[in-house]
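Fold and contact review
Next come the chains, spelled out residue by residue.
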Amino acid sequence: MITDLLLSVALIALIVYVYRQQSRQRELDSKYKKQTKTLFQAQKAAEVSQVTLENLQSELSSVQAEAHQLKAQADEREREIIQSKALFSTIANVAYDLVFVLNEEHDVIAINSSAALIFGDRNPIGEQLCDVIESPELDDIVDRAMEEAEHLEEQIVINDHFFRARTQVMRYDDERAFIGVALQDITQLVRLNRARRDM
């Protein structure tokens, strides 16, 4: 159980890391575009005025060097994102638990392969958790996890099956967070314990 919990926490942490890397990638791409635009403007100005040619060439070299550095950083960041996504996918898809990642509005933004199996051809990405899984208990756990900003673990019943539900809130900035939800089917274990008590 501890291993499953650590696996779920690691999964959510990886998602947050990927999101941060993507944000950084967008920032680098924006800077690179701005530097490229500055470079183009500098080249046009050099064509118009020969008087400031030497200064413009110096500025041009500086801009080119900075643009090259930003491009190298952007490429490295992209490689890191690809590696992070591959690592996240590997961890998520070897977990036996059903794993859902939600945004603050309780929209499903990611699931692992175990969770995908229960939906068949239906893709729950973008849907509200309450529309995907009809369980007021689960909705309540997610709400409380967001309010208390901490890990919660409880046993719930969904469609006559017993699940151990675990939630983990992972903040990626001061105001935003992902909510990880892991559901472990413990129906057989519960029935076995009940049978032992009845003996």
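Quick caveat, the model's predicted, so the values are computed rather than measured.

This paragraph deals with the overall build of the chain. Helix and strand counts for the chain come out as six helices and five strands. Along the chain, helices and strands appear, N-terminal first, in the series α-α-β-β-α-α-α-β-β-β-α. Long-range pairs, those at least 24 residues apart, make up 51% of the contacts in the chain between residues at least 6 apart in sequence. If you sum the accessible surface of the chain, you get close to 12,200 Å²; carbon and sulfur atoms cover 51% of it.

Of all 11 residues in strand E4 (residues 161–171), nine are buried, a share of seventy percent or more. Examined bridge by bridge, strand E3 (residues 152–158) and E4 share seven bridges and lie antiparallel to one another. Across the sheet, Leu152 pairs through a bridge with Thr167, a residue of E4. What sits between E3 and E4 in their antiparallel hairpin is a turn of two residues, with Asn159 showing a positive phi close to 50°. As paired elements, E4 and strand E5 (residues 177–185) share nine bridges and run antiparallel to each other. When the sheet's bridge partners are listed, Val169 is paired in E5 with Ile179. The antiparallel hairpin formed by E4 and E5 contains five residues in its connecting segment.

We now examine the nonpolar core. If you look at the biggest cluster of nonpolar residues, it comprises 24 residues, and the most contacted ones within it are Phe100, Leu102, Ile133, Leu138, Ile156, Val181 and Leu183. Mapped by element, the contributors of at least two residues to this core are strand E1 (98–102), helix H4 (129–132), helix H5 (136–148), E3, E4 and E5. Counting residues per element, this core draws most heavily on H5, which supplies five residues. Those residues within four positions of Val181 in sequence are excluded, and the remaining contacts are Leu98, Val99, Phe100, Leu102, Leu138, Val142, Arg166 and Thr167.

Criteria and thresholds
- Residues numbered from 1 in each chain as written.
- Predicted model: local features only at pLDDT ≥ 70, side-chain atom pairs only at ≥ 80, totals over all residues.
- Heavy atoms only, no water.
- Helix = DSSP H or I, 4+ residues; strand = E, 2+ residues; numbered from the N terminus.
- Contact = heavy atoms within 4.5 Å.
- Areas by Shrake-Rupley, 256 points an atom, 1.4 Å probe, with all protein chains shown as cover.
- Buried < 20%, exposed > 50% of the residue type's maximum accessible area, 1.4 Å probe, protein only.
- Pairing = 2+ DSSP bridges.
- Core = buried A, V, L, I, M, F, W, Y, C linked by side-chain atoms within 4.5 Å.

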